[in-house]
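One letter stands for each residue in the lines below.
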Amino acid sequence: MQLLQDRVAIVTGAARGIGEAIALKLAEHGAHIAFTYVSDGSADKAAALEEKLRAMGVQARSWKTNAGDFAASEQFVAEVLKEFGKVDICVNNAGISKDNLLLRMTPEQWDEVMNVNLKSVYNMTKQVIRPMMKARKGSIINMSSIVGIRGNAGQSSYAASKAGIIGFTKSVAHELGSRNIRCNAIAPGFIETDMTHYLKDGEAAKGFMENIPLGRFGTAEEVGNATLFLASDLSSYITGQVISTCGGLNI
Ligand code: NAI
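So, here's what we can say about the structure. Note that the structure is a prediction, hence the values are computed from the model and not measured.

A tally of regular secondary structure across the protein chain gives eight helices and seven strands. For 251 residues, the compact-globule estimate of 2.2 N^0.38 gives 18 Å, and the C-alpha radius of gyration of the protein chain, at 17 Å, lies within 12% of that figure. By principal-axis analysis of the C-alpha atoms, the protein chain measures approximately 50 × 40 × 35 Å. Looking at the protein chain as a whole, 51% of its 251 residues are labelled buried. Total accessible area computed for the protein chain in this model is approximately 11,900 Å², and 52% of it derives from carbon and sulfur atoms. Between the mean site of the 26 positive side-chain charges and the mean site of the 25 negative ones, the protein chain shows a separation of 6 Å.

Now for the packing of aromatic side chains. Inspection of the entire model under this criterion finds four aromatic pairs. With a centroid separation of 6.4 Å and 45 degrees between ring planes, the pair formed by Trp63 and Phe84 is classed as tilted. With Trp63 in strand E3 (residues 60-64) and Phe84 in helix H3 (residues 70-84), this pair connects stretches of sequence that are 21 residues apart. Trp63 gets classed as buried once you look at its relative accessible area, which sits at 6%. Considering the side-chain rings of Phe190 and Phe217, the 5.4 Å spacing of their centres and the 25 degrees angle between planes classify their relative orientation as stacked. Of this pair, Phe190 sits in the loop between strand E6 (181-188) and helix H7 (202-210) while Phe217 sits in the loop between H7 and helix H8 (220-231), placing them 27 residues apart in sequence. Using a relative accessible area of 17% as the deciding quantity, one classes Phe190 as buried. The class of Phe217 is buried, set by a relative accessible area of 4%.

Time to look at the site of the ligand. Close contacts around the ligand come from 27 residues, with Arg16, Asn66, Asn93, Tyr158 and Thr193 the closest. Contact between the ligand and Tyr158: an oxygen atom at 2.6 Å from a side-chain N or O atom of the residue. Between the ligand and the protein, one listed contact pairs an oxygen atom with a side-chain N or O atom of Thr193 at 2.5 Å. Within the complex, 95% of the 820 Å² of free accessible area of the ligand lies under protein. Of the pockets mapped on this structure, the ligand occupies the largest pocket. Those elements that provide at least two residues to the shell around the ligand are helix H1 (17-28) and helix H6 (156-176).

What follows is about the environment of Met114. The topology assignment puts Met114 in helix H4 (residues 107-135). Residues Met114 and Asn93, spaced 21 residues apart in sequence, show a C-alpha to C-alpha distance of 14 Å.

Attention now moves to the sheet that holds strand E7 (residues 242-245). Strand order across the open sheet formed by seven strands is E3-E2-E1-E4-E5-E6-E7, with parallel pairing between neighbours. Of all strands in the sheet, those with a lone pairing partner are E3 and E7, marking the two edges. Averaged over all pairs of adjacent strands, the angle between strand axes in this sheet comes to 15 degrees, irrespective of strand direction. Of the pairings in the sheet, the one linking strand E1 (residues 8-11) to strand E4 (residues 89-92) comprises three bridges and is parallel in character. Paired with Val11 across the bridge in E4 is Val91. On the sheet, H1 packs against E1, strand E2 (32-37), E4 and strand E5 (138-143) and is oriented at approximately 175 degrees with respect to E1.

Turning to the side chain of Asn184, a few remarks are in order. Counting through the fold element by element, Asn184 comes out in strand E6. Side-chain polar atoms of Asn184 contact the backbone oxygen of Ile238, separated by 3.0 Å. A polar side-chain atom of Asn184 sits 2.9 Å from the main-chain amide nitrogen of Gln241. Setting aside its immediate chain neighbours within four residues, Asn184 contacts Ile140, Ile141, Asn142, Thr169, Leu230, Ile238, Thr239, Gly240 and Gln241.

Conventions we followed
Sequence positions are assigned chain by chain, starting from 1 and proceeding in written order. Note on the predicted model: pLDDT of at least 70 is required for a residue's local features to be given, and 80 or more for side-chain atom pairs to be given and counted; whole-chain, interface and lining totals, by contrast, use all residues. In computing side-chain values, all of the structure's heavy atoms are included and hydrogens and water are not. Numbered from the N terminus, helices here are DSSP runs of H or I no shorter than four residues, and strands are runs of E no shorter than two. Restricting the calculation to C-alpha atoms gives the radius of gyration, and the globule rule supplies 2.2 Å times the number of residues raised to the power 0.38. Here's how the labels work: a residue is buried when its accessible area is under 20% of the maximum for its type, exposed when over 50%, partly exposed in between, all with a 1.4 Å probe on protein chains only. Accessible areas in this description were obtained via Shrake-Rupley with a 1.4 Å probe; residue shielding takes into account the shown protein chains only. For the purpose of charge, His is not counted, nor are the chain termini; Lys and Arg are scored as positive and Asp and Glu as negative. We put the charge of a Lys on NZ, of an Arg on CZ, of an Asp on CG and of a Glu on CD. Note on aromatic pairs: the rings of Phe, Tyr and Trp (six-membered ring only in Trp) are paired at centre separations within 6.5 Å, and the planes decide the class, stacked below 30 degrees, edge-to-face beyond 60, tilted for the rest. Proximity is defined per residue: if any heavy atom of the residue lies within 4 Å of a molecule or strand, that residue is considered near it. N or O atoms within 3.5 Å of each other form a polar contact, as long as, within protein, one can give a hydrogen and the other can take it, and as long as residues adjacent in sequence are counted only when both atoms are side-chain atoms. Space inside and on the surface of the protein is sampled on a 1 Å grid over the protein atoms alone, with a cavity defined as a set of points where a 1.4 Å probe fits but cannot get out and a pocket as an open set with protein on both sides within 12 Å along at least 5 of 7 lines; lining residues have an atom within 4 Å of a point. Assignment to a cavity or pocket requires that more than half of a molecule's atoms be within 2 Å of the site's grid points. A strand pair is defined by DSSP finding two or more bridges across the two strands. Each axis is a line fitted through C-alpha atoms, taken for helices only over the stretch in contact, and angles between the N-to-C directions span 0 to 180 degrees. Two residues qualify as a contact provided that any one of their heavy atoms is within 4.5 Å of a heavy atom in the partner residue.

Written out as structure tokens, the structure reads:
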């Protein structure tokens, strides 16, 4: 079943990890994909993903652009509209962590995490709501984290940015529900990607596993499935919510 036939989706930070899995999942269900990556080192991966998506029969193009930069985001969305004609779905996935105990955390580390994780969500959402308001429909999906709900030692900046995303998501849902624009967040737990590979082995991993009722890390595809649900009309009466894909870590 093609849940997203001919819809256009933006996915930020999609050259690898969860973003890549989301792009593939949305394309599998018929969506055309405009995605971003930020570093020169990801250019080959982005090109490979473009090809893979096109082979699935959808339009696909990548942009090298920093989601934390307001002007760059404005230009990116304008170019997407020119090339794809509309934006139905926006997945704000780009994110980083700069873990450090608060005693040692520098203002620069704090600002970088806030900029990439939280300001990026404002930057992109601000740009996509105009075309969505005109079309009187849209689905915005913001990647929060279980850490934004329960906090974590050594992650105060990351947790604050991800908690901020939840407040932003709920406010946008209030503001734009009357225009049929939905805005939801996903709060993944431990998902196997480059961001978490250092947590996978040894004693720390055992400790994490004990707290996950499903007894394993999640996969990027499982986050892609939750994103597909929120992007599609299957979730047409759901807005302002946070869906945790965390194997039960939050219960
Ligand atoms: P990752 O590090 O594998 O991928 C992050 C992607 O974001 C990369 O493609 C990177 O190039 C891109 N990116 C970074 N800064 C960017 C910027 N300024 N502009 C555009 N793109 C940028 O991370 P992963 O695990 O795939 O995470 C994706 C999202 O899911 C992040 O927001 C992360 O915080 C969130 N998340 C991940 C969890 C996990 O266990 N892996 C758990 C909870 C949330």
